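# Structure assessment
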Amino acid sequence: LELMPLSGAYFTDRSQDIGMAEVIVPDGSDLIGKTVTESAFRDRTGLTVIGLRRGGVAHELGLRDEQLRLGDTLL
């Protein structure tokens, strides 16, 4: 997990207050092929996945059981 600069005053202020992060699964990540549960994402990062975007499509249900792929964006 790598911190990235935020843009826009509103998002900078609000995201720090509520602790939001957008995470993109990079090439070579050990997350690829694992579900959010299998990866112990929350234990490892302290973050709870509340959304998944894949190929421009947002997935809201069944996130715990969805196998992660290269380029997936987690919220």
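Remember, predicted model here, so these are calculated numbers, not experimental data. (Residues numbered from 1 in each chain as written. Predicted model: local features only at pLDDT ≥ 70, side-chain atom pairs only at ≥ 80, totals over all residues. Heavy atoms only, no water.)

### Here's the deal with the overall build of the protein chain
Filter applied, for reference: Each helix is a run of H or I in the DSSP string that is no shorter than four residues. Each strand is a run of E no shorter than two, and both are numbered from the N terminus.
Scanning the protein chain from N- to C-terminus turns up 2 helices and 4 strands. Tracing the protein chain from N to C terminus, the helices and strands come up as α-β-α-β-β-β.

### Observations concerning the environment of H59
Heads up, the condition is: For the exposure calls, accessible area comes from a 1.4 Å probe over protein chains only, and a residue counts as buried if that area is under 20% of its type's maximum, exposed if over 50%, partly exposed in between. Throughout, a residue-residue contact means that at least one pair of heavy atoms, one from each residue, lies within 4.5 Å.
With respect to the secondary-structure elements, H59 resides in strand β3 (residues 57-59). Taking relative accessible area as the criterion, H59 reaches 28% and is therefore assigned partly exposed. Residues H59 and L74 lie 15 residues apart in sequence; the distance between their C-alpha atoms is 9.9 Å. The contacts of H59, once residues within four sequence positions are left out, are G51, L52 and R54.

### Some points on the pattern of salt bridges
Condition: Each reported salt bridge corresponds to a side-chain nitrogen of Lys or Arg within 4 Å of a carboxyl oxygen of Asp or Glu.
Summed over all chains, the structure comprises 4 salt bridges. The shortest N-O distance in the salt bridge between R54 and E66 comes to 2.8 Å. Taken as a pair, R54 in strand β2 (residues 52-54) and E66 in the loop between β3 and β4 (73-74) lie far apart in primary sequence, 12 residues in all. With relative accessibility at 14%, the residue R54 sits in the buried group.

### Some thoughts on the side chain of R54
Our working rule: What qualifies as a polar contact is a pair of N or O atoms within 3.5 Å, subject to a donor-acceptor requirement within protein and to the restriction that residues adjacent in sequence count only when both atoms come from side chains.
Side chain to side chain, R54 and E66 meet in a polar contact 2.8 Å long. Apart from residues no more than four positions distant in its own chain, R54 is found in contact with H59, E66, Q67, L68, R69 and D72.

### Comments concerning the layout of surface pockets
This is how the line gets drawn: Here a cavity denotes grid points, spaced 1 Å and computed from the protein atoms alone, that fit a 1.4 Å probe unable to get out, and a pocket denotes an open set having protein on both sides within 12 Å along at least 5 of 7 lines; residues with an atom within 4 Å of a point are the lining. Grid points are joined across faces, edges and corners, and a volume is the space filled by probe spheres set on the points. Any residue outside Ala, Val, Leu, Ile, Met, Phe, Trp, Tyr, Cys, Pro, Asp, Glu, Lys and Arg is labelled polar, Gly included; the first ten of those are nonpolar and the last four are charged.
By volume, the second largest pocket amounts to about 160 Å³. What lines the second largest pocket is simply V36, T37, A40, F41, R42, D43, L47, T48, V49, L63 and R64. A class-by-class count of the residues in the lining of the second largest pocket yields 6 nonpolar, 2 polar and 3 charged.

### Section: unusual backbone geometry
Even without being glycine, A40 reaches a positive phi, approximately 55°. In this structure, A40 sits in the loop between β1 (23-24) and α2 (41-45). A relative accessible area of 27% means that A40 is categorised as partly exposed.

### A short note on the sheet that holds β1
Convention followed: In this scheme, strands are said to pair when DSSP sees at least two bridges between them.
Here we have 4 strands laid out as an open sheet, ordered β1-β4-β2-β3, and antiparallel in their pairing. Each edge of the sheet is formed by a strand with only one pairing partner; in this case those strands are β1 and β3.

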